[in-house]
Amino acid sequence: MATFLYKLGRFAFRRRHVVALIWVALLTLAGVGAASAPAAGTTSFSIPGTEAQKAFDLLEQRFPGMSADGATARVVFKAPAGEKMTDAAHRATVEKTVGELADGSEVASVTDPYQGRAVSKDGTVAYASVKYEVSGMELEESSREALTEAAKEAQGAGLTVEIGGDALQTTPETGATEIIGIAVAAVVLVITFGSLIAAGMPLLTALIGVGIGVSAITALANPLDLGSTTSTLATMIGLAVGIDYALFIVSRYRAELAEGRAREEAAGRAVGTAGSAVVFAGLTVVIALVGLSVVNIPMLTKMGVAAAGTVAIAVLIALTMIPALLGYAGRTVRPAGEKGRLFGGGRAGSAEKAAKPNLGTRWASFVVRRPVAVLLLGVIGLGAAAVPASSLELGLPDDGSQPTSTTQRRAYDLLSEGFGPGFNGPLMIVVDGQGSDDPQAAFTEVGDEIKGLKDVVTVTPAAPNKAGDTATITVVPDSKPSSVTTEDLVHAIRDKGTEITSDTGAEVLVTGSTAMNIDVSQKLNDALVPYLVLVVGLAFLLLIVVFRSILVPLKAALGFLLSVMAALGAVVAVFQWGWLSGLMGVEETGPVMSMMPIFMVGVVFGLAMDYEVFLVTRMREAYVHGESPGQAVVTGFKHGARVVTAAAVIMMAVFAGFIGSSESMVKMIGFGLAIAVFFDAFVVRMAIVPAVLALLGKKAWWLPRWLDRALPDVDVEGEGLRAYDQDGDREPARA
């Protein structure tokens, strides 16, 4: 591997024009494809294998004109203080609004509040339900404008009018903090390299990689049914790893220059050594992201595969375009220890300064002397941070989690005020009577049985289809959609449905957004352990090949579990308990997003292995070249600590930039990944890892002989490059 990448690095350095042209052509091609691609259509959200999805599919089949997956809107009206919605003037305003809404080209149906009993008992609140033929993401802008215009006219008549539902669903905005994250990354790179040109290379290549990846996603969004969150995730991860991978190769290039190598030779060796680490680090991220497919949620699978594709592009760019850019830069990229003119220019400082151990060396020496204390402090600290994770509650965001400044949230609150908290999450019961001798009797029995359950406020009469073999029943719980009580009610209805099926032959299914959220959470919980086994197992095998050790990969996996649990604890503390919620822009606390744990496991594991590979391969390299285990740890930190620290800060800045998103899911993912990188890079990899390696000594690098013979030799340390050592590869001394 090292020899092949060494030759690739030298080739890219020499043939830089060709390499640069290829990447520019790919970026242009992807950009043209994105610009000419048709607008993305509906983004379907299906959960194969769940009862809620089975019911939706049945509705599509038995109620063909129902548009079960179509967008919905609830236009909520509230009368001024002291007045009622049943007053003649207000009734006329509402009926006029309903008539205007019904004229929409994409509207399937509109329910009049006065005919559909949609007026609260005290008469102060009423709502009109609007059903569209297409989904929220597919809805034309003109339909949204007609909806908001109708609401404004009613407001002009003196009513308070708010709109809820997914008809106003739009592409999430990330805000200015994303740009701030990139700016922080730029500052860190400049400080790390002491050169604007060297700092600009990782940023430039990362942006090109993300540009290609996101443009490709945009071009394929329509045929592959990719949602807006897919490109957001690809951008988030692509930027982070793209900058980091390029950073490691440029840093190794400068270290090779400092040893006196010629520039082409230094580029080749940087790609042969640091590039090998980049390949394996990238592989762990790709494995973790593609492994999300085991959950069998199509949306999550597409997000993972798209982000994995962007990571693969970042690896290829780091291996080829970085050495090409180094060829263009020439002497403007200086050896390690030298700074550009803008930062004090010229040669390194005095011999005393050069001989002084850097911070990484001093820290590693301290850890090697006090491994037990450092290990205990790190483990106890992460354990304390993980405590809130014990009260983790999972759910999916609804309008109740929106900021109070949005009309969706205000509509949600008005409906809760007028009709009770459960009204925002009604359950739809689908009764399939084809297997029953008397479907109508079965429909009635289902309604009667549900009325007798706890936490039920309203049960509507069964509404059969034209064939009379299937009916829908709407159930309004007494508690809000995201509560444990509502979840218990769903399970109680399903248990009762099993009894009814055995008695009557009619199948009872529970669906609706609330039931779907419950099923998604359960499916994700069930998939977490198999996913962990698959991803951690594959990466464990990969790291055995890289490090030729059993204990080092095992330690890496255990350290990851510590960091991800601590990160989940932090997410619970902020988004569920409300700690520092104002600082993070969290206006409403509630359950943690259902896919957050499994998503964090996947992404954080991949990123955690990045730092493990980059830091420990340097230690392995020093150990292979004859240093003692303790000294190898110090050497690894001497060369890698500064760069790993910079990489972690950059990754944290990029992820934290997404905390400003208007989408609660993106905000939570950004915070969770940022804090996970902090825990993993600075506590696990910088403290626990060297402490464990110091305690293990030579045992850390032990590998059974039979396994050593069986494993392929990938030569991450660059041992095979010794054959290329030649005097002609040295840079001539400068006066």
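For the structure itself, consult the block above.
Calculation rules
- Residues numbered from 1 in each chain as written.
- Predicted model: local features only at pLDDT ≥ 70, side-chain atom pairs only at ≥ 80, totals over all residues.
- Heavy atoms only, no water.
- Helix = DSSP H or I, 4+ residues; strand = E, 2+ residues; numbered from the N terminus.
- Expected span 1.5 Å × (residues − 1).
- Buried < 20%, exposed > 50% of the residue type's maximum accessible area, 1.4 Å probe, protein only.
- Arc of directions from axis to C-beta.
- Contact = heavy atoms within 4.5 Å.
- Salt bridge = Lys/Arg side-chain N within 4 Å of Asp/Glu carboxyl O.
- Axes fitted to C-alpha atoms, helices over the stretch in contact; angles between N-to-C directions.
- Parallel < 35°, antiparallel > 145°, perpendicular 65-115°, else oblique.
- Core = buried A, V, L, I, M, F, W, Y, C linked by side-chain atoms within 4.5 Å.
- Pairing = 2+ DSSP bridges.

Q: I'd like to hear about helix α4 (residues 88–102), residue by residue, with values.
A: An ideal rise of 1.5 Å per residue puts 21 Å on 15 residues; α4 measures up with 21 Å between its terminal C-alpha atoms. Taken residue by residue, α4 has H90, T93, V94, T97, V98 and L101 as its buried positions. The arc that holds the buried residues of α4, viewed along the axis, is 135 degrees, so those residues lie on one side. Counted as exposed and oriented over 90 degrees from the buried face of α4: A88, A89 and K96. Tucked into the core, α4 has its buried residues touching β1 (72–78), β2 (107–111), β3 (125–132) and α5 (141–156).

Q: Explain helix α2 (residues 16–36) to me, and be specific about the residues and the numbers.
A: With 21 residues, α2 should reach 30 Å at 1.5 Å per residue; the first-to-last C-alpha distance of 30 Å fits that figure. Among the residues of α2, V19, A20, W23, A30 and A34 are the ones counted as buried. Buried residues of α2 fall within an arc of 100 degrees about the axis and therefore sit on the same side. Exposed and facing more than 90 degrees away from the buried side of α2 are H17, L21, L29, A35 and S36.

Q: Outline the pattern of salt bridges, listing residues and values.
A: Going through the model one piece at a time under the given rule, you end up with 22 salt bridges. Its salt-bridge partner being R548, residue D708 comes within 2.9 Å of it at the nearest N-O pair. You can see D708 sitting in helix α23 (residues 705–710) and its partner R548 sitting in the loop between α17 (513–547) and α18 (551–576), a full 160 residues away along the chain. Exposure remark for R548: the relative accessible area of 12% places this residue in the buried category. Across the pair R685 and D680 runs a salt bridge, and its minimum N-O distance is 2.8 Å. Within this structure, R10, R14, E264, E265 and R269 form a network of salt bridges that share partners.

Q: I'd love a proper account of the packing of helix α3 (residues 51–62) against α17, names of residues and values included.
A: For any two helices packed against each other, one specifies the inter-axial angle together with the distance between the axes. The geometry of α3 relative to α17 is characterised by a closest axis approach of 8 Å and an angle of 140 degrees between their N-to-C directions. Considered as vectors, α3 and α17 are oriented oblique to each other. Contacts between α3 and α17 involve E51, A52, Q53 and F56 on the former and, on the latter, A515, M516 and D519.

Q: Quick one: what's the story with the nonpolar core, residue by residue and with numbers?
A: Counting 164 residues, the largest nonpolar core has Y245 and F655 as its most contacted members. The biggest single contributor to this core is helix α22 (residues 664–696), with 19 residues. Sequence-distant contacts of F655, defined by excluding residues within four places in its chain, comprise M236, I237, A240, L607, G670, L673, A674 and V677. By size, the runner-up hydrophobic cluster in this structure holds 26 residues, among which are A71, V107, V130 and I163.

Q: An account of the sheet that holds β3 is needed here, citing residue identities and associated values.
A: The pairing of strands in a sheet happens through backbone hydrogen bonds and is either parallel or antiparallel. Here we have four strands laid out as an open sheet, ordered β2-β3-β1-β4, and antiparallel in their pairing. At either end of the open sheet lies a strand with only one pairing partner, and these are β2 and β4 (160–164). Geometrically, the sheet is characterised by an average inter-axis angle of 20 degrees between neighbouring strands, direction not taken into account. Pairing of β1 with β3, which is carried by seven bridges, proceeds in the antiparallel orientation. Paired with R74 across the two strands is S129, which belongs to β3. Along the sheet, α5 makes contact with β1, β3 and β4, crossing β4 at roughly 160 degrees.

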